[in-house]
Amino acid sequence: MLITAIIASLFLVIGAAEPLAARLRLPYGVILAVLGILIAAGATVILRTTLTNALDPVAAAIVSLPIRSNVFLYVFLPTLLFQATLGMNLRRMLDDWVPILVLAIVAVVVATLSVGFALSFVSTLPLAACLLIGAIVSTTDPSAVVSIFRSISAPRRLARIIEGESLLNDAAAIALFGMFMGYVMLGVPDPTLGDSLPRFPFLIVGGALSGWVAARIAAGIMALFSRYEMAQISVSVALPYLAYIGSEQLVGASGVIAVVAAGMTLNLIWPGRLAPQAWVNMTEVWGLLAHWAGALIFILAALLIPRLLEAVRVEDFALIAVVIVAATAARAVILFGLMPLLSALKLSPVVERPYRTAILWGGLRGAVTLALALAVTESFRVPLEVKRLVGILATGYTLFTLIVQGTTLRLVIGWLGLDRLSPINQALSNQVIAVALQTVREDVAKMAENYELTHEIVRAEAKRFGERLDGAVKAAEEGGEILDRDRITLGLIVLAGAERDNILRRVRERSISARIAEQVVSDADHLIEATRLGGRSGYSRAARKSVGYGQSFRLALFLHNRLGLSRTLARMTADRFELLLSQRLTLRDLDGFIDGRIRRIHGRRVADLLHELLARRIEMVDTAVDGLRLQYPGYAEVLERRFILRTALRLEEREYAAMREDGLVGAELHTALMQDIAARRAKAESRPKLDLGVQRSKLVQQFPLFADFDAEALKRLSRVLVTRYVDEGTVLFRKDSPAKSVYFIASGAVELESAGQTLRLGRGEMFGQMAILLQKPRRAVVRAIAPSTLLVLDETRFRRMLKRSPRLQKAVRDSAEKRGIAPEMLLEEDSKAA
């Protein structure tokens, strides 16, 4: 009964800590830790005082709470890690996998070695015990610095890197902890370095595979409960714990990596199978669980601090200072040495010095450090002096980071000037406020007119609101120090934000398929971030990237062309088709936003420029869609019908909801109608399969060059042609390169540069045949000027086909005449080659 009452009371403390942290402008974790220390210290004082015995049972229950290291590692840690991976934008985080991995693994190793060797130099502890302490204090809790970065509009990419690093450095620290723990335990054979090092890849790979398998099994079970949202959430709650325990106990790999891999897998595959609201509900449940777990882990760990510091001596404070200096120096080496190197190698974003300083000071230690220290103190095989110093040094360093660094972090942020908006961000803030107030004024005017409110009151409030609006508009129009280039950037940022809002609205309305919803939102986020960093050029680069062919698409094409594995390419091509169609629909809605919102603030010139940029994007998307439509004509019609059906279902659902609110249909009929819509929507969400073989045959038949081929010849030709997808700017071949293939343009366009002349070719034309027929190296440089699909034929088959096709021979002659080459020379060289 007492334990239940104490746990319930801790939830009251959790509830009070958040407003208290906001009031004191301190990190939430610091407030929780301080409250936990005060509770534990108060209970200890009550037990030792003779003034009253009334509260002794409560104090004894608090001091003797059954808190063990496994409570943190098996109960709370999986919850925190799994929720973090569910809430991350993994597609964007994969762009920064190099700095995340390097910072996570290298930072932990450097901190472990730095602290370990420093302690070994100044203390009598064995080196293994010193390295064990280094591993324990090497893991960081970035929640405080990340929350402050978000509140001061720091670059999102920076926050993603810090969050990604924190996920993996826990795993690295626990792995190192396990290795060094074997060296300090009595009665256990010391592991050799040769045995320990090969285990690291197994810990990581085994944990990742365990998590992936667990997530796939859970996804299969959740698919069986597709109509029962609570059942799906219940399965998701079981997943991280079973993945952690299974990986640790059955496989012998890292449970932390298993939980992270399970969360990432579910994050990547499950949103496309759930209704948007169901995914939101699941993430909200996990957000609440993680909030409770994070709060309890801080409070319960803080309750242990008086117990861990019972045997502290005066000389121990000098060792705590050594740990502080060594750990801070190790972190500084990473932030001020390794991160600039990664930025110079283009592997990491450039992080300005003030942000690196804030990250250094914000590297707080928390519950994971205390849990690992507690695991050492619980082991009866660890020498008593080692247990005492591990508990004291880990706890002392954690207290320093929480009480000293945590309480002064916001002051350091202010001293660095990071809490002040840059001129462009201030201008953006003024613009957003002005646009919002204009919209509010229009809506309030319509409301007042509809409800026929008293004219005097309406005029008085309108005058007051108008003064506020005039001040906001004036602030947005001022700022002579803002360059025209920055004004264009401001407009593009707002336009990209409107595009993202439009996408989210369509996702909620299910006009955009759940399968591609995350990808579309991720592209919109990348567009906003690229515009903030690169302005107009960054916006254009991100726009081109969103319609281009990525590395994964090229890998799928390689598997298709070289190994005959077409499933991945078919799926990605279908995704690309649907993605481009949804992007085109979204972009066509933005012209009105430019005229209605941006023109009011920035004027006609900026608005016209944004219209021009938007028109280029629409043209670029239309070109890509038309190319796919030409390649896969039947499939395009199916997808368009599918979009119309989803839109009709949304409108039908809205009408039934309105009728239910008006009392025109009863609850039972409304439920039946909703179930019918859900069944039809599930059928509409299932996308038809794309058969690449059939589609390529249809594409070959559309080429005028192959019009005189019979059906059997066309079938043979479609089998030997190799598809190649290229992005705008890709160089297909250079001057003096050997001629081995002929290219046929299925969609897009290319540009040939030869002897100072430029020639552009489009759909249905070919290139590369001149060098083959003349038996000479290439005389031109050819590059794609739009995302293009090419069909490639090798030299032998091309010569064979040329002999049988008069139409192809005529096309070769015409192409030669365009370039000033005598057709007779081509035919003569071809006969010699024969």
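Not measured: the values here are computed from a predicted model.

Caption draft 1: Structural detail: the nonpolar core. With 132 residues, the main nonpolar core has Phe72, Leu132 and Ile136 as its most contacted residues. Looking at which element gives the most residues to this core, the answer is helix H14 (residues 276–308), with 16 residues. Not counting residues within four places of it along the chain, the set of residues in contact with phenylalanine 72 comprises Ile67, Leu77, Ile297, Leu300, Ala301, Leu304, Ala371 and Leu374.

Caption draft 2: Molecular detail of helix H6 (residues 97–122). Helix length check: H6, at 26 residues, gives a terminal C-alpha distance of 38 Å against a target of 38 Å (1.5 Å per residue), a fit within 8%. When we look at burial in H6, the residues that qualify are Val98, Pro99, Ile100, Leu103, Ala104, Ala107, Val108, Ala111, Thr112, Val115, Gly116 and Leu119.

Caption draft 3: A look at the sheet that holds strand S1 (residues 722–726). Strand order in the open sheet formed by four strands is S1-S8-S3-S6, and the pairing between neighbours is antiparallel. In this open sheet, the two strands that pair with only one neighbour each are S1 and strand S6 (766–767). Judged from the two bridges that link them, strand S3 (residues 741–747) and S6 form a sheet pairing that is antiparallel. Bridging across to S6, tyrosine 743 finds its partner in phenylalanine 767.

Caption draft 4: Expanded view of a nonpolar patch on the surface. Together, Trp97, Leu101, Ile105, Val106, Val109, Leu113, Phe117 and Leu127 make up a nonpolar patch on the protein surface, roughly 680 Å² of accessible area in all. With seven residues, the top contributor of residues to the nonpolar patch is H6. Along the chain, valine 109 falls in helix H6.

Caption draft 5: How the structure looks around a positive patch on the surface. A cluster of basic side chains, namely Lys715, Arg716, Arg719, Arg800 and Arg804, defines a positive patch on the protein surface. Breaking the positive patch down by element, the ones donating at least two residues are helix H29 (711–720) and helix H31 (795–804). Turning to its location among the elements, arginine 800 is positioned in helix H31. Exposure remark for arginine 800: the relative accessible area of 45% places this residue in the partly exposed category.

Caption draft 6: Representation of the confidence of the model for the protein chain within the structure. The predicted model of the protein chain has a mean per-residue pLDDT of 78, with 85% of residues at 70 or higher. When pLDDT is averaged over each element of the protein chain, helix H12 (residues 229–251) comes out on top at 90 and helix H33 (residues 823–833) at the bottom at 53.

Caption draft 7: Summary view of the pattern of salt bridges. A full pass over the atoms with the stated rule returns eleven salt bridges. Here arginine 616 makes a salt bridge to glutamate 612, at a shortest N to O gap of 2.5 Å. Separated by four residues within a single helix, arginine 616 and glutamate 612 lie in helix H25 (residues 590–631), roughly one turn from each other. Where glutamate 795 meets arginine 799, a salt bridge forms, and the shortest distance between an N and an O atom there is 3.3 Å. With glutamate 795 and arginine 799 both in helix H31, this residue pair falls four residues apart, about one helical turn. Judged by relative accessible area, arginine 799 falls into the buried class, the value being 12%. Members of the salt-bridge network, linked through shared partners, are Asp316, Glu385 and Arg388.

Caption draft 8: Up close: the packing of aromatic side chains. Scanning the model with the defined rule gives six aromatic pairs in all. Ring centres of phenylalanine 82 and tryptophan 286 lie 4.7 Å apart, and the angle between their planes is 55°; this geometry places the pair in the tilted category. In this pair, phenylalanine 82 sits in helix H4 (residues 69–86) while tryptophan 286 sits in helix H14, placing the two residues 204 residues apart along the sequence. Between phenylalanine 733 and tyrosine 743, the aromatic rings sit 5.9 Å apart at their centres with planes inclined by 40°, giving tilted as the arrangement.

Caption draft 9: Representation of the environment of isoleucine 233 within the structure. Examined against the element boundaries, isoleucine 233 turns out to sit in helix H12. A sequence separation of 53 residues divides isoleucine 233 from tryptophan 286, and the C-alpha atoms of the two residues are 8.9 Å apart. The contacts of isoleucine 233, once residues within four sequence positions are left out, are Met282 and Val285.

Caption draft 10: Molecular detail of the environment of leucine 793. Of note, leucine 793 is situated in strand S8 (residues 788–794). Note: C-alpha distance between leucine 793 and valine 742 (51 residues apart in sequence) is 5.3 Å. Once you skip the residues sitting within four places of it in the chain, leucine 793 turns out to touch Leu717, Val720, Leu721, Ser741, Val742, Phe744, Phe798 and Met801.

Caption draft 11: Examining the sheet that holds strand S5 (residues 757–761) more closely. Spatially, S2-S7-S4-S5 is the arrangement adopted by the four strands of the open sheet, whose pairing is antiparallel. Of all strands in the sheet, those bounded by a partner on one side alone are strand S2 (731–733) and S5. Pairs of neighbouring strands in the sheet enclose a mean axial angle of 25°, with direction left out of account. Bridge analysis of strand S4 (residues 750–754) against strand S7 (residues 781–784) gives four bridges, and the strand direction is antiparallel. Directly across from glutamate 751, in S7, lies its bridge partner arginine 783.

Caption draft 12: Examining the packing of helix H2 (residues 28–48) against helix H18 (residues 384–416) more closely. It is at 10 Å that the axes of H2 and H18 come closest, and there the two elements cross at 130°. One element, H2, and the other, H18, form an angle in the oblique class. Judged by the twist between their axes, the crossing of H2 over H18 is left-handed. Facing H2, whose interface residues are Val30, Ala33 and Ile37, H18 presents Leu399, Leu402, Gly406 and Thr407.

Caption draft 13: Spotlight on helix H13 (residues 255–269). With 15 residues, H13 should cover 21 Å at 1.5 Å per step; its first-to-last C-alpha distance of 21 Å lies within 8% of that length. Counted residue by residue, H13 has 13 buried out of 15 residues, so it is predominantly covered. The distance from a side-chain oxygen at the start of H13 to the backbone nitrogen of valine 256 is 3.4 Å, and the residue carrying that oxygen is serine 254.

Caption draft 14: Structural context of unusual backbone geometry. The phi dihedral of aspartate 736 is positive, around 70°, even though this residue is not glycine. The residue aspartate 736 is located in the loop between S2 and S3 in this model. Judged by its relative accessible area of 57%, aspartate 736 falls in the exposed class.

Caption draft 15: View of the pairing of S4. Bridging between S4 and S5 involves five bridges; their strand directions are antiparallel. Bridge pairing in S5 places glutamate 751 opposite arginine 760.

Rules behind the numbers
- Residues numbered from 1 in each chain as written.
- Predicted model: local features only at pLDDT ≥ 70, side-chain atom pairs only at ≥ 80, totals over all residues.
- Heavy atoms only, no water.
- Core = buried A, V, L, I, M, F, W, Y, C linked by side-chain atoms within 4.5 Å.
- Buried < 20%, exposed > 50% of the residue type's maximum accessible area, 1.4 Å probe, protein only.
- Helix = DSSP H or I, 4+ residues; strand = E, 2+ residues; numbered from the N terminus.
- Contact = heavy atoms within 4.5 Å.
- Expected span 1.5 Å × (residues − 1).
- Pairing = 2+ DSSP bridges.
- Patch = residues over 30% accessible without salt bridge, like charges linked within 9 Å, V, L, I, M, F, W, Y side chains within 5 Å.
- Areas by Shrake-Rupley, 256 points an atom, 1.4 Å probe, with all protein chains shown as cover.
- Salt bridge = Lys/Arg side-chain N within 4 Å of Asp/Glu carboxyl O.
- Lys, Arg positive; Asp, Glu negative; His and termini not counted.
- Charge placed at Lys NZ, Arg CZ, Asp CG, Glu CD.
- pLDDT = per-residue confidence, 0-100.
- Phe/Tyr/Trp six-rings, centres within 6.5 Å; stacked < 30°, edge-to-face > 60°.
- Axes fitted to C-alpha atoms, helices over the stretch in contact; angles between N-to-C directions.
- Parallel < 35°, antiparallel > 145°, perpendicular 65-115°, else oblique.
- Left-handed = near helix turned anticlockwise from the far one by under 90°.
- Polar contact = N/O pair within 3.5 Å; in protein donor to acceptor, adjacent residues only side chain to side chain.

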